[in-house]
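An overview of the molecular structure
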Amino acid sequence: MSFEPKIVGFLCNWCSYTGADLAGTSRIDYAPNVRIIRVMCCARIDPTFVLKALRDGADGVLICGCHPGDCHYSEGNYKMMRRYPLLKKLLADFGIQEARVRLEWVSASEGQRFADLVNDMTQRVRELGPSPVRMAQATDMAER
Amino acid sequence: MEERKIGVYVCNCGSNIAKMVDCDEVCAYAAQQPGVTTVKSYKYMCSNPGQEMIIADIKADGLDRVVVAACSPRMHEPTFRKALQTAGLNPYFLEMANIREQCSWVHDERNAATEKARALTLGAIRRVTYHQPLERRSVDMCPNVLVIGGGMVGMTAALELADGGSRVYLVERQNCLGGNVARVDLTAPYLDSARDMITALITRTKEHPLIEVLLNSEVNSLEGFVGNFKTVVETIWGDQAATNQYEVGNVVVATGYQEFDASRVTHYGYGKLPNVLTSFEFETMLRAGRVETKEGKSPQYVAIIHCVGSRSKEFHTYCSRVCCMTALKYAREVKSAVPDCYVSDIYVDMHAFGKGHEDFYRRGSEAKTLFLMYAKNDHPVIRKAGPKDDCEMLIEVNEKLSREVIEIPADLVILMVGMESRKDSEAVARLVNISRDKDGWFIESHPKLDPVATTTDGIYIAGACAAPKDIPDSVAQARAAAGRILARTIRGTIDIDAVFAEIDEDKCSGCRVCNELCPYSAIDFNVDKKRSNVISALCKACGACVAACPSGAITARHFTDEQIFAQIEGVLA
């Protein structure tokens, strides 16, 4: 059986979570690998949320917010956008591949885009294999 | 931590969830979790018996936290919060797991969907453990209303609100009221005069003591929150500009639509062939009482082409809803102005869905109008007729029903231009903080159940600014928006969400990073104490400051770090 990654999705309440709901009401089928956690705005996403998810067994983390200019809180997505390169740098230092964490914009009307995104992300993380954090934890456990 | 008593309720949603998710398995899994004392599944948890079951369990089993695994919290979170409240529990002790929109409806493999539903439910169980009791805040509701747009919808909403006792500021960019309806002659299907309808509305609006009509005006800014907005309106008279500030509790956006630019469709020769008109240009002709060509001749052949800019891959994929009936109206009006004229109606599909529309279509087809059907992306082609032809133009139609290429003579061609979102809809959306869909129409809170509200509390949308609509639907929305606002205004106060950020003074270092980050200037700096604090009434709970605080001094109520951490652990367990 092929490796099925676990992905945590942090979605803003106003655009992306609503977009994910729209994928549902439109009955657009997509990969079941993403578990969604709702936040009010992507600016609420503390880098520690991402690290916590990776430590707790996520193979990938998807962060979604409103398109630039469309943020419910005017500019929260820009704040996330600026925080993101730092997060990426931190992850690189930890030896976590870039493609495991992704920041994307999904509007409330983009159900199809959300579904495509989940499929694409799932496929890419599947190709990368289990997260190195998970692997290291498994080795740790074995050595103990 | 003290022992919790969590009740977990898994909804089948008829077969919507149960078909793809093994609800019994989700229940069995939930029952094994520490703190969970009651687990039930039910056909429709949101129904009265479903809610009553939860209420009864809270009382009988002494539940102190509730998880409902069902539809999206955007759908029924208010319903279940109310149920908790009825049972005497703080409404914020609820967490929902979205196992319908984000699970059963988007997956086609039962085992995988069930596993995901289990994970989402566990995330909710872990999260709810850390939920804190929160009190909703009650704030005064200002009874004044801002209505943006002085067309039929704006005026109708303004009158309804003013009749109900609210003071209304009606802002119109043009120098007169009336909007697009004022450009129309008769209306389908009953052939009432649009002018009569709109004139009566304008007169009443202008004379109403509670309506302040602001012509030549635009809304410059809107700040605040439901019940307590402040708006600045700029009025320009000639080379003079004045700005006024108003306090309003609610806003109705009724900015309407713009017509599709027919010159974008090159094969119809609009702008090049003088006798190819848009439907609005033809309305002007009808209102002037003359149906004639540019050369002043009475036309012998009139052709009407449907779906110009609508239902096409190139332009807009949606149907503009009013053009089919308007086209039939033209056929009638042409015949009554020029009785021996031949009218051809070149359509894609005849959409006659409204009240009285089908009868109107039947009468139209009996009146010897020639109906020709073309395939969606196989447009008719118009060319200038030769000197030997007895007409101005010839239209080549690949007729779908007969499968023949037919050539139609025409002296006058009317292009049924569709509706599109206004060029400035993006600016309006940003001004009042609402969203637009891919076509630029404003998005409603719920397309079926809450069609005039938006995701921003206190901002309502009505009429064609939300999607193409005919007059009856638009008027219904205008009155609906007004009704919604009046119903809330009557109470005088409004409860607003208890979710906002708080700063722990003992942890705050006074660095002021958060002060600059807040988009609502809701964070105040106390110079004496050298500490920041949140003005809760202004905070909209985005959480940007929470994630940015270097000292971890800011808590997002109901979205605390420990709650989200617990949810992460749950969904990954």
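Residues numbered from 1 in each chain as written. Chains lettered and ligands numbered in written order. Predicted model: local features only at pLDDT ≥ 70, side-chain atom pairs only at ≥ 80, totals over all residues.

**A look at the overall build of chain B**
The helix and strand inventory of chain B stands at 15 helices and 30 strands. Along the first, second and third principal axes, the C-alpha atoms of chain B reach 95 × 60 × 40 Å. Residues classed as buried in chain B amount to 49% of the 573 residues present. Long-range pairs, those at least 24 residues apart, make up 69% of the contacts in chain B with a sequence separation of at least 6. (Helix = DSSP H or I, 4+ residues; strand = E, 2+ residues; numbered from the N terminus. Buried ≥ 20, exposed ≤ 12 C-beta atoms within 10 Å, placed from the backbone. Contact = placed C-beta atoms within 7 Å.)

**Observations regarding the overall build of chain A**
Of the regular secondary structure elements, chain A holds five helices and four strands. Across chain A, helices and strands are ordered from the amino to the carboxyl terminus as β-α-β-α-β-α-β-α-α. What you see for chain A is a C-alpha radius of gyration of 15 Å, in line with the 15 Å of a compact globule of 144 residues. Across its three principal directions, the C-alpha atoms of chain A cover 50 × 35 × 20 Å. Across the 144 residues in chain A, those meeting the buried criterion constitute 56%. (Rg over C-alpha atoms; globule rule 2.2 N^0.38 Å.)

**Focus: the environment of Pro78(B)**
Residues and elements named next belong to chain B. With respect to the secondary-structure elements, Pro78 resides in helix 3 (residues 73–86). On the basis of neighbour count, Pro78 is assigned to the exposed category, with 11 C-beta atoms found within 10 Å. Along the primary structure Pro78 and Leu94 are separated by 16 residues, whereas in three dimensions their C-alpha atoms are 10.0 Å apart.

**Some points on the sheet that holds strand 6 (residues 145–148) of chain B**
In sheet architecture, strand pairing relies on hydrogen bonds along the backbone and comes in two forms, parallel and antiparallel. All names here are of chain B. Here five strands make up an open sheet; going across it, the order is 10-7-6-14-25 and the pairing parallel. The open sheet has two edge strands, strand 10 (211–214) and strand 25 (459–461), and neither has a second partner. Going from strand to strand, the sheet's axes swing by 20 degrees on average, the running direction of each strand aside. (Pairing = 2+ DSSP bridges. Axes fitted to C-alpha atoms, helices over the stretch in contact; angles between N-to-C directions.)

**Structural notes on the interface of chain B and chain A**
Contacts between chain B and chain A engage 41 residues on the former and 42 residues on the latter. Broken down by secondary-structure element, the contributors of at least two residues to the side of chain B that touches chain A are helix 4 (100–104), helix 5 (110–129), helix 14 (544–548) and helix 15 (561–572) of chain B. It is helix 15 of chain B that provides the largest number of residues to the side of chain B that touches chain A, a total of eight residues. Of the residues in the side of chain B that touches chain A, the class split is 21 nonpolar, nine polar and 11 charged. (Nonpolar A, V, L, I, M, F, W, Y, C, P; charged D, E, K, R; others polar.)

**Description of the pairing of strand 3 (residues 60–65) of chain A**
Residues and elements named next belong to chain A. In terms of burial, strand 3 is a largely internal element, six of the six residues being buried. Because side chains alternate across strand 3, one face comprises the buried residues Gly60, Leu62 and Cys64, and the other comprises Val61, Ile63 and Gly65, equally buried. As paired elements, strand 1 (residues 7–12) and strand 3 share five bridges and run parallel to each other. Among the inter-strand pairings, Ile7 is bridged to a residue of strand 3, identified as Gly60. With five bridges connecting them, strand 3 and strand 4 (residues 101–105) associate as parallel partners.

**Looking at the domain arrangement of chain B**
How big an interface is tends to be expressed through the accessible area that disappears when the partners come together. All names here are of chain B. When the domains of chain B are assigned, the result is domain 1 (6–136 + 568–572), domain 2 (145–256 + 422–494), domain 3 (260–418) and domain 4 (501–556). Distance between the C-alpha centres of domain 2 and domain 3: 33 Å. The interface of domain 2 with domain 3 comprises 11 residues on the first partner and 18 residues on the second. The residue inventory of the side of domain 2 that touches domain 3, partitioned by class, reads six nonpolar, no polar and five charged. (Domains from an automatic or database assignment.)

**Quick notes on unusual backbone geometry**
Backbone torsion omega between Ala188(B) and Pro189(B) reads -5 degrees, so that peptide bond is classified as cis. Of note, Pro189(B) is situated in the loop between strand 8 (186–187) and strand 9 (192–193). Unlike most non-glycine residues, Ser74(A) shows phi in positive territory, near 70 degrees. With respect to the element layout, Ser74(A) can be found in the loop between strand 3 and helix 3 (76–93). A positive phi is found at His558(B), a non-glycine position, where the angle reads about 75 degrees. Inspection of the secondary structure assignment puts His558(B) in the loop between strand 30 (554–556) and helix 15. Residue His558(B) is classed as partly exposed on the basis of its C-beta count, with 17 C-beta atoms lying within 10 Å.

**Digging into the packing of helix 5 of chain B against helix 15 of chain B**
Residue and element names in this part refer to chain B. Two elements in contact, helix 5 and helix 15, have axes separated by 7 Å at closest approach and are oriented at 150 degrees. Judged by the inter-axis angle, helix 5 sits roughly antiparallel to helix 15. Pair helix 5 / helix 15 crosses with right-handed handedness. Between helix 5 and helix 15, the residues in contact are Ala119, Leu120, Leu122, Gly123, Ile125, Arg126, Arg127 and Thr129 and Gln563, Ala566, Gln567, Glu569, Gly570 and Val571, respectively. Class assignment of the residues belonging to the contact of helix 5 with helix 15 gives a composition of six nonpolar, five polar and three charged. (Parallel < 35°, antiparallel > 145°, perpendicular 65-115°, else oblique. Left-handed = near helix turned anticlockwise from the far one by under 90°.)

**Quick look at the sheet that holds strand 1 of chain A**
Residue and element names in this part refer to chain A. One open sheet accounts for four strands, arranged 2-1-3-4; its pairing is parallel. Strands at the two margins of the open sheet, each flanked by one partner only, are strand 2 (34–39) and strand 4. Here the strands of the sheet are splayed against their neighbours by 20 degrees on average, with no regard to which way each runs.

**Considering the nonpolar core**
Ranked by internal contacts, the top residues of the largest apolar core, which has 183 residues, are Ala69(B), Val147(B) and Val253(B). With 46 residues, the next largest nonpolar core counts Ala303(B), Ile382(B), Ile408(B) and Leu415(B) among its residues. (Core = buried A, V, L, I, M, F, W, Y, C linked by C-beta atoms within 7 Å.)

**Observations regarding the confidence of the model for chain B**
Mean pLDDT over chain B works out to 95, with 100% of the residues at or above the 70 mark. Here the predicted complex scores 0.82 on pTM and 0.97 on ipTM. (pLDDT = per-residue confidence, 0-100.)

**Describing helix 5 of chain B**
Look at helix 5 of chain B: 29 Å from first C-alpha to last across 20 residues, which is about the 28 Å you get at 1.5 Å a residue. Burial of helix 5 of chain B is extensive: 17 of the 20 residues sit out of reach of the surface. (Expected span 1.5 Å × (residues − 1).)

**A few points about helix 1 (residues 16–25) of chain A**
With nine of 10 residues buried, helix 1 of chain A is to be regarded as a mostly interior element. Within helix 1 of chain A the residues assigned to the buried category are Ser16(A), Tyr17(A), Thr18(A), Gly19(A), Ala20(A), Asp21(A), Leu22(A), Ala23(A) and Gly24(A). Its buried side turned inward, helix 1 of chain A meets strand 1, strand 2, strand 3 and helix 4 (111–128) of chain A together with helix 3 and helix 4 of chain B. Of the residues trailing helix 1 of chain A, Arg27(A) is marked for its positive phi of about 55 degrees.

**Some points on the environment of Asp185(B)**
Residue and element names in this part refer to chain B. Within the element layout of this structure, Asp185 appears in the loop between strand 7 (168–171) and strand 8. By the C-beta count within 10 Å, which is 19 here, Asp185 ends up partly exposed. Taking C-alpha positions, Asp185 is 53 Å from Lys43, a pair spaced 142 residues apart along the chain.

**What to know about the packing of helix 9 (residues 323–337) of chain B against helix 10 (residues 357–366) of chain B**
Residue and element names in this part refer to chain B. Relative to each other, helix 9 and helix 10 sit at 35 degrees, their axes nearing to 10 Å. Helix 10 is crossed by helix 9, and the crossing has left-handed handedness. From helix 9, Met325, Leu328, Ala331 and Arg332 reach across to helix 10, where they touch His357, Phe360, Tyr361 and Gly364. Each residue belonging to the contact of helix 9 with helix 10 can be placed in one class, and the counts come to five nonpolar, two polar and one charged.

**Focus: the environment of Glu333(B)**
Residue and element names in this part refer to chain B. Take Glu333: it is sitting in helix 9. Overall, Glu333 belongs to the partly exposed group, with 19 C-beta atoms counted inside 10 Å. Along the backbone, Glu333 and Val291 are 42 residues apart, and their C-alpha atoms lie at a distance of 9.0 Å. Setting aside chain neighbours within four positions, we find Glu333 in contact with Leu186 and Leu286.

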